[in-house]
Number of protein chains: 2
Amino acid sequence: MPSFSATTGGADPEARADRSVGPVVAQVARFDTPLPLACGRTLDHYELAYETYGTLNAERSNAVLVCHALNASHHVAGFYADDPDNVGWWDNMVGPGKPLDTDRFFVVGMNNLGSCFGSTGPITINAETGKPWGSAFPVLTVEDWVDAQAQLADRLGIARWAAVMGGSLGGMQALDWAIRYPQRIANALVIAAAPNLSAENIAFNEVARQAILSDPDFHDGNFQAFDAKPRRGLRVARMIGHITYLSDEQMEAKFGRKLREGLNFSFAPEFQIESYLRYQGEKFAEYYDANAYLRITKALDYFDPATRTGGDLAQAVASASCRFLVVSFTTDWRFPASRSREIVKALVRTRRHVSYAEVAAPHGHDAFLLDNAQYHAVVRAWFARMTADIGDIGVRAVSPEPSRSGMRTSRDTALTPMSARVSAIDRADYAAIAGWVEPNARVLDLGCGDGTLLRFLGKQRNATGYGIEIDDAGVLASVANGTDVIQSDLERGLAGFDDGAFDVVILSQTLQAMRRVEDIVAEMLRVGREAIVTFPNFGHWSHRLQIARGRMPVSKSLPYQWYDTPNIHLCTVADFDAFLAARHYRVLDRVVLAGGRPVAFMPNLAGELAIYRFRKQ
Amino acid sequence: MPSFSATTGGADPEARADRSVGPVVAQVARFDTPLPLACGRTLDHYELAYETYGTLNAERSNAVLVCHALNASHHVAGFYADDPDNVGWWDNMVGPGKPLDTDRFFVVGMNNLGSCFGSTGPITINAETGKPWGSAFPVLTVEDWVDAQAQLADRLGIARWAAVMGGSLGGMQALDWAIRYPQRIANALVIAAAPNLSAENIAFNEVARQAILSDPDFHDGNFQAFDAKPRRGLRVARMIGHITYLSDEQMEAKFGRKLREGLNFSFAPEFQIESYLRYQGEKFAEYYDANAYLRITKALDYFDPATRTGGDLAQAVASASCRFLVVSFTTDWRFPASRSREIVKALVRTRRHVSYAEVAAPHGHDAFLLDNAQYHAVVRAWFARMTADIGDIGVRAVSPEPSRSGMRTSRDTALTPMSARVSAIDRADYAAIAGWVEPNARVLDLGCGDGTLLRFLGKQRNATGYGIEIDDAGVLASVANGTDVIQSDLERGLAGFDDGAFDVVILSQTLQAMRRVEDIVAEMLRVGREAIVTFPNFGHWSHRLQIARGRMPVSKSLPYQWYDTPNIHLCTVADFDAFLAARHYRVLDRVVLAGGRPVAFMPNLAGELAIYRFRKQ
């Protein structure tokens, strides 16, 4: 059994300075127990290359597996002593004081089976023939990789991962871990991924494959040496892939129509984007293996956990029991946000713990590899919350996080007083709502801010459920606070939630800011048995008085000017009564507050804030 | 000189039944005057293949040139008698009674130089060598094509096109005609095009070229026979291109993850999208020429009229004098709407006549070839307006347009009473506004509906300018009415317009429906010297009375309920006075109307509709 706690160079002062894990050493574990594969074949012997960073604690409760995407490897962080420029592919994410903090967590990076960086794959020698596997190497699936990762976990003595984490194809592995090894994973971080490939995704993969398969040097995968490989096909394949990793905007900003020199009316490179892509293609053709590339694109195509449950993704994820963090990026057109939302919807349907961040980033799919402030802050907050869950993590004390300009860290944002809307709710408001929520209720809080109300209901009524929030800071704060939060625009409706999924749906001080009031109320009573709505009462005497004087009202409860108010659909208590009556909704409770106290006499005239609890007849 | 008025079979009753131009005959025109090319070389002799449909009138004023995109040809409409399934590529657009009506217009389709369907190109014999041109054929540009088209126009005796029209690369040719041959074109229809390729566009072209160039059968373009061509490269190139023609949504709807049979854990096609793409690639490799493909992608890459004017597109289009119709499609990600908007912005900057339709269509770039109701209705309305402009078109009477279910034709929509907002403006409103607009003023009308107000100002004050409208029906009606209309969402602001571009900017009955009131008013006074704003007065006594009684007001001027009103930022006359005063805007005129008549006494109490004219100090 190899040593696996001493590969980091955390003690090296220079490495500490830039918060790298320092020089690392790749290791190889050999397995002689046959591994059954999805295709029906079996790998009798195989090796897995891996690296580890940080220290496994005595309870073995702080281990995190980082899964790689298409062309990456086990070299996640740090560098090699003899090749210091070869920095791990996720070095900005993993290291001392970084979002995945190696001062607290023991991190494992592993090269997937069938890849070409040290684990068994098409370029390794098949012991039975004495030649490279080549085209004889089986087509593997994400599930096969995860099964192999589980073997390595056993070897390392890790019964349960604190987290499995990955972006893109790596996120699919994290999802598969959650589904098929629910007892062995406490948290899944599924980043820039999808529950399966779309037709367009498959189409791009297929074109890339065709480029390789039709290269005469491919020889049906049995090219004689790594050097005699089908470079032309690999080059074209990589160029295609590379386009899909970048956003249109980013490519435009970086290259636009810039020329290298001038037009030459030939097919030599003229535009900078052409030479860039050719360079990327060349580089890839140099280091990557064609058979591995073909197979990894197939693993992507095949991944579709819902096929095991008749196409029902929710049923597929029902076996999972870990907490999920799902992250997508706004300009990712390879795996757009809508695909991550499918995963979230399935997890919500089966009442899993899930938070979802839709991060604004210009970099397209590549954003998952980059140092985006909100993205890293959310991941950092997630691991910080995990640290709290794990309790005494049993490794050395953590150095304070230096504040970095231009980056909103959890220090800057998570603890900022935020979500004035929710925080400003009067205690009487809280008390009224808590009084109406049944013990152990399932609650959906629309516009949850930092999650204060949900936590309050959790404590008071043992309620569980989700918050929905559009604001980055609210999402980050909710994650930091351990609230299950889903980043979403309420104007898109509640399509992510099933009929009758909740006991109560709460819309606090937000109704008047919605464009489609009728729709959101109808949606609340579709997904919830009961609705609780609070809004400022336009009928308050101070508003009536100002209008009688010929001006639009401005007050403590309506603090904006007519032209910049977010409150675009205001109403009075009498209006809302009529609105509910016209729809035959039944009012179960109604409290109208002024100065934080209930108003009994003439509430439409004296009340500032109205709180309704209602349901369908 | 070939006969060019008798190629259509319009008299054939069966062809009339499906409104085809019927059987057509391709013709070839030979030119022996040297054609100088952008690359510096010269074509001494060349042939152009073309087809014509309809009849050229005596004044030769009804000729329309249809330009083709990447892989199409001169075969635009109809079919060949000996090959009836070979229907023209734009047969749904061109024919008797179709949007481009061959009962009224004489339509010319031409195969571009360098293509491979009859015009001189790499596969034709170079007279000087007696062998196919192959790699020796020059790399042509859009400008070279247009110059050759002008030669054909001369040959056909067409001094001035009624219109030049094209989609994608064809739209670029229409744009080039407008810029470089301004005296020879009355209308340009620039559809699903761009003012140049983006970095991503070039990237896709470059990958396609690399696939061909790296095919060992390419032999530097000198493959010995058409049949010995680099099929593998062509196949991959076409597959890449094909992905970019379709929208993600459409591909998902059509193919999704549907399998042909089952998974086979090999590289034979498994998903339907794979076999579809392979089929498209095979078909293309069968009929298309590799050298032609390489060159046509280069013509796309090179197209950039702004390079002739130091990167300033507006300066580049300043030479144009024709009317422009620019059309884009919402799901086109090859040439997204934003690229068409760049063309529109340049044309507006130089005060050209331009209308712009942003058509909602799910089909991606391919939408320009399909029969979308709004798209075809706008083009139909455009040509109908042209017919009126041309006057007696001198060809036979036009058969009535049969109404087709599910398709909004110009009959259905253009003449529908619409834009209640503008049409409902009281005459007093019109009169007040017209009284404030200087003779010959440049006017921008935000939310122009069917263009009634602009036409009124045109008649009363000889005003010119543009309308902005978001609604499909309004855009169509404006086009039908000959108003220059630009389809746009005012919430995006007026980024398409320069500072001080207009004398007056009008916002009629729309302020209260805007999300960002301050922004739009600031934008109005940025692009215009003066602003005219009309809005319903919330201070009207009937509103005050209803609120005093504890309900949100509903009235003739505010006919909606609080929860469904589009009026989200209401104000009183006193509020608007204060709003303008706080910003130091100078009120030049103010009229408050009730029952269509000006109110002098207590306008904030008695007025229903307020009309302001104001400017910066």
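See the structure printed just above.
The rules behind these values
- Residues numbered from 1 in each chain as written.
- Chains lettered and ligands numbered in written order.
- Predicted model: local features only at pLDDT ≥ 70, side-chain atom pairs only at ≥ 80, totals over all residues.
- Heavy atoms only, no water.
- Phe/Tyr/Trp six-rings, centres within 6.5 Å; stacked < 30°, edge-to-face > 60°.
- Buried < 20%, exposed > 50% of the residue type's maximum accessible area, 1.4 Å probe, protein only.
- Lys NZ or Arg CZ within 6 Å of the ring centre and 35° of its normal.
- Helix = DSSP H or I, 4+ residues; strand = E, 2+ residues; numbered from the N terminus.
- Pairing = 2+ DSSP bridges.
- Right-handed = clockwise from strand over helix to strand, strands pointing away.
- Least-squares fit on C-alpha atoms with pLDDT ≥ 70 in both.
- Contact = heavy atoms within 4.5 Å.
- Buried area = accessible area lost by both parts, 1.4 Å probe.
- Salt bridge = Lys/Arg side-chain N within 4 Å of Asp/Glu carboxyl O.
- Polar contact = N/O pair within 3.5 Å; in protein donor to acceptor, adjacent residues only side chain to side chain.
- Nonpolar A, V, L, I, M, F, W, Y, C, P; charged D, E, K, R; others polar.
- Expected span 1.5 Å × (residues − 1).
- Lys, Arg positive; Asp, Glu negative; His and termini not counted.
- Disulfide = S-S within 2.5 Å.

Bringing the packing of aromatic side chains into the picture now. Counting across every chain of the model gives 66 aromatic pairs over all chains. Measuring from ring centre to ring centre gives 4.9 Å for W177 of chain A and Y181 of chain A, while their planes differ by 45 degrees; the resulting arrangement is tilted. For the pair formed by W177 of chain A and Y181 of chain A, the shared burial category is buried. An aromatic cluster is built from F535, F576, F579, Y585, Y612 and F614 of chain A together with W562 and Y563 of chain B, whose rings are joined through pairwise contacts. Over the ring of F335 of chain A we find R334 of chain A; its NZ or CZ atom is 5.8 Å from the centre of that ring. In this structure, R385 of chain B packs its charged tip against the face of W382 of chain B, placed 4.5 Å from the ring centre.

Now for the pairing of strand β22 (residues 609-616) of chain A. Residues and elements named next belong to chain A. Burial of β22 is extensive: six of the eight residues sit out of reach of the surface. Direction of pairing for strand β19 (residues 528-536) relative to β22: antiparallel, over a ladder of six bridges. Counted as the bridge partner of P536 is L609 from β22. Alignment of strand β20 (residues 585-594) against β22, held across eight bridges, turns out to be antiparallel. Residue R590 lies in a different strand from β22, and its bridge partner there is Y612.

Residues and elements named next belong to chain A. Of all seven residues in strand β13 (residues 323-329), six are buried; the element is thus mostly enclosed. The pairing of strand β12 (residues 187-191) with β13 spans five bridges and is classified as parallel. From the neighbouring strand, A188 faces β13, where its bridge partner is F324. Note that β13 and strand β14 (residues 353-359) share seven bridges and pair parallel. Directly across from L325, in β14, lies its bridge partner S355. For the segment spanning β13, helix α10 (residues 337-349) and β14, crossover handedness is right-handed.

With that settled, the discussion passes to the relation of the copies chain A and chain B. When chain A is fitted onto chain B, the two copies agree to an RMSD of 0.1 Å after a turn of 180 degrees and an axial shift of 0.1 Å. The symmetry that links the two subunits is that of a two-fold axis. Taking C-alpha positions as reference, the residue of chain A nearest the rotation axis is I568 of chain A, located at 2.3 Å. Most of the interface of chain A is mirrored in chain B, where 100% of its interface residues are also at the interface.

For the rest of this paragraph, the subject is the interface of chain A and chain B. Note: interface size is frequently given as the accessible area lost on complex formation between the parts. Listed per partner, the contact involves 82 residues of chain A and 82 residues of chain B. Between chain A and chain B, a total of about 7,100 Å² is buried, with carbon and sulfur atoms accounting for 65% of that surface. Ranking the residues of chain A by area buried against chain B places F265, F267 and W562 of chain A at the top, with a combined share of 12%. Here chain A and chain B share 12 salt bridges between them. With a shortest N-O distance of 2.6 Å, D575 of chain B and R551 of chain A are connected by a salt bridge. Summed over the shared surface of chain A and chain B, the result is 33 residue pairs in polar contact (both at pLDDT 80 or more). Taken together, the elements giving at least two residues each to the side of chain A that touches chain B come down to α4 (199-213), α5 (231-245), α6 (248-254), α7 (272-287), α8 (290-302), α17 (517-527), α18 (541-548) and α19 (573-582) of chain A. No other element matches α4 of chain A, which puts 11 residues into the side of chain A that touches chain B. In terms of residue class, the side of chain A that touches chain B is built from 45 nonpolar, 14 polar and 23 charged.

The terminal C-alpha atoms of helix α11 (residues 373-390) of chain A lie 25 Å apart, and with 18 residues this matches the ideal 26 Å at 1.5 Å per residue to within 8%. Two residues or fewer after α11 of chain A comes G391 of chain A, characterised by a positive phi angle close to 80 degrees.

A few words on the side chain of D289 of chain B. All names here are of chain B. Relative to the helices and strands, D289 is located in the loop between α7 (272-287) and α8 (290-302). Of the side chains with opposite charge, K229 comes closest to the buried, unpaired D289, at an N-O distance of 6.3 Å. Polar contacts involving the side chain of D289 include one to the main-chain amide nitrogen of N291, which spans 3.4 Å. Setting aside anything within four residues of it in sequence, one finds D289 in contact with C116, P122, I123, F223, F226 and L234.

Residue and element names in this part refer to chain B. This model, assessed by the stated rule, comprises zero disulfides over all chains. We note that C116 lacks a disulfide partner, and the nearest cysteine sulfur, in C67, lies 17 Å from it. For C116, a relative accessible area of 9% puts it in the buried group. Residue C322 stays outside any disulfide, its sulfur separated by 12 Å from that of C67, the closest cysteine. For C322, a relative accessible area of 2% corresponds to the buried category.

It is worth stressing that arrangement in space is one thing and function is another; only the former is reported here.
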